[in-house]
Amino acid sequence: MKVIRSASDYDFINNNNISIVPTMGNLHDGHLELIKSAKSSNAYVVATIFINPLQFNDKNDYKNYPITIEEDLKALETSGCDLVFLPSSNILDNIKTINAPNSANILCGKSRPGHFDGVLTILNKLFQLTNPKTAYFGLKDYQQYILVKDFAAKNFPDLIINGIKTKRDINGLALSSRNIHLKEDQLKIASNIYKELTYISNHYSYASYDDLINQAITNLSDLGFNVDYLLIYDASRLNNVTKSSTEILIAIAVYLDGIRLIDNIIKKL
Ligand code: PAF
């Protein structure tokens, strides 16, 4: 596995089947699943690790973002990654700002203004530098996945964006770099997020929407969560659900002792 730090070192890569897995490091099995999926299509797999300051609206969140490069490199090598690109902060010099569309202003984008502008800005740059044929993203960040898919369709029409199913721990908690901040008892409590999503998914009907959401918010609040949002959207375009929707996204963001956790379930109707 090659490790490079400068975009100019990338120039020698002459491969027309590059698959990119953009990350901010502190890799867990969910990230490694993306690498393995990319690898299984026989692509030349490029992982990027860059903690992108442009997408953090909270300075403390950025400062506290865990850095585990040595462990990340080992895990990437074991998973079959071919090249790791660790850009330095000068990747941001003269970077073209991308303004995310209006669909970025709901769900996570509503509570994190500018977040998706930052995500699309860095991805635009990374796609330009690495010239991938395919790119892999986790479906835990479903809104990000939809925004990236739309952005790529307009600006990189040959690039295929793949979304990979969320990896969970044995109790159902979605794997996330933020779980590192949770103590053992908090990890147990956090597994209730997926339990509530599953309950809603199993009992969903158009008419029961409000009751299900309100009950889940009450249950989670009683357990000590601060619920940022718990909402159901039409999964295809992130519009409001209608009676003719065929697939829904049940999406949640909560704070547990100040730690932000997100998750979702996608359900076919
Ligand atoms: O999902 C992430 O880790 C980040 O938003 C991404 C896609 C690497 C862009 O910085």
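Use the structure listed above.
This section reports on the structure supplied with the text.

Cut-off values and rules
- Residues numbered from 1 in each chain as written.
- Predicted model: local features only at pLDDT ≥ 70, side-chain atom pairs only at ≥ 80, totals over all residues.
- Heavy atoms only, no water.
- Helix = DSSP H or I, 4+ residues; strand = E, 2+ residues; numbered from the N terminus.
- Buried < 20%, exposed > 50% of the residue type's maximum accessible area, 1.4 Å probe, protein only.
- Axes fitted to C-alpha atoms, helices over the stretch in contact; angles between N-to-C directions.
- Parallel < 35°, antiparallel > 145°, perpendicular 65-115°, else oblique.
- Left-handed = near helix turned anticlockwise from the far one by under 90°.
- Contact = heavy atoms within 4.5 Å.
- Pairing = 2+ DSSP bridges.
- Nonpolar A, V, L, I, M, F, W, Y, C, P; charged D, E, K, R; others polar.

**Topic: unusual backbone geometry**
Here's step 1: Despite not being glycine, N26 shows a phi value in the positive range, around 50°.
Here's step 2: As for its placement among the helices and strands, N26 is situated in the loop between β2 (18-23) and α1 (29-40).
Here's step 3: Overall, the relative accessible area of 9% leaves N26 in the buried class.
Here's step 4: Even without being a glycine, N131 presents a positive backbone phi close to 50°.
Here's step 5: N131 gets classed as exposed once you look at its relative accessible area, which sits at 59%.

**Looking at the packing of helix α7 (residues 184-203) against helix α8 (residues 209-222)**
Here's step 1: Packing of α7 against α8 leaves a shortest axis separation of 10 Å and a crossing angle of 165°. It follows from the interaxial angle that α7 and α8 lie roughly antiparallel. Two packed elements cross with a definite hand, and for α7 against α8 that hand is right-handed. Residue-level contacts link N192, I193, E196, Y199, I200 and H203 of α7 to L212, I213, A216, N219 and L220 of α8.

**Some remarks on the sheet that holds strand β1 (residues 2-4)**
Here's step 1: Here 6 strands make up an open sheet; going across it, the order is β1-β4-β3-β2-β5-β6 and the pairing parallel. Either end of the sheet is taken by a strand with one partner, and the two such strands are β1 and β6 (160-164). The average undirected angle you get between the axes of adjacent strands in this sheet is 25°.
Here's step 2: Where β2 lies against strand β5 (residues 134-138), 2 bridges are found, and the strand directions are parallel. Pairing of I20 across the sheet is with A135, part of β5.
Here's step 3: Running at roughly 170° to strand β3 (residues 44-49), helix α3 (residues 69-78) makes contact with β1, β3 and β4 (83-85) of the sheet.

**Considering the packing of helix α5 (residues 115-130) against helix α6 (residues 142-155)**
Here's step 1: Running from N to C, α5 and α6 cross one another at 50°; their axes reach a closest spacing of 11 Å. The angle between α5 and α6 places the two elements in the oblique class. Relative to α6, the crossing made by α5 is right-handed. The residues of α6 that touch α5, namely those facing F116, V119, L120, L123, N124 and F127, are Q143, Q144, L147, V148 and F151.
Here's step 2: Broken down by class, the residue content of the contact of α5 with α6 amounts to 8 nonpolar, 3 polar and no charged.

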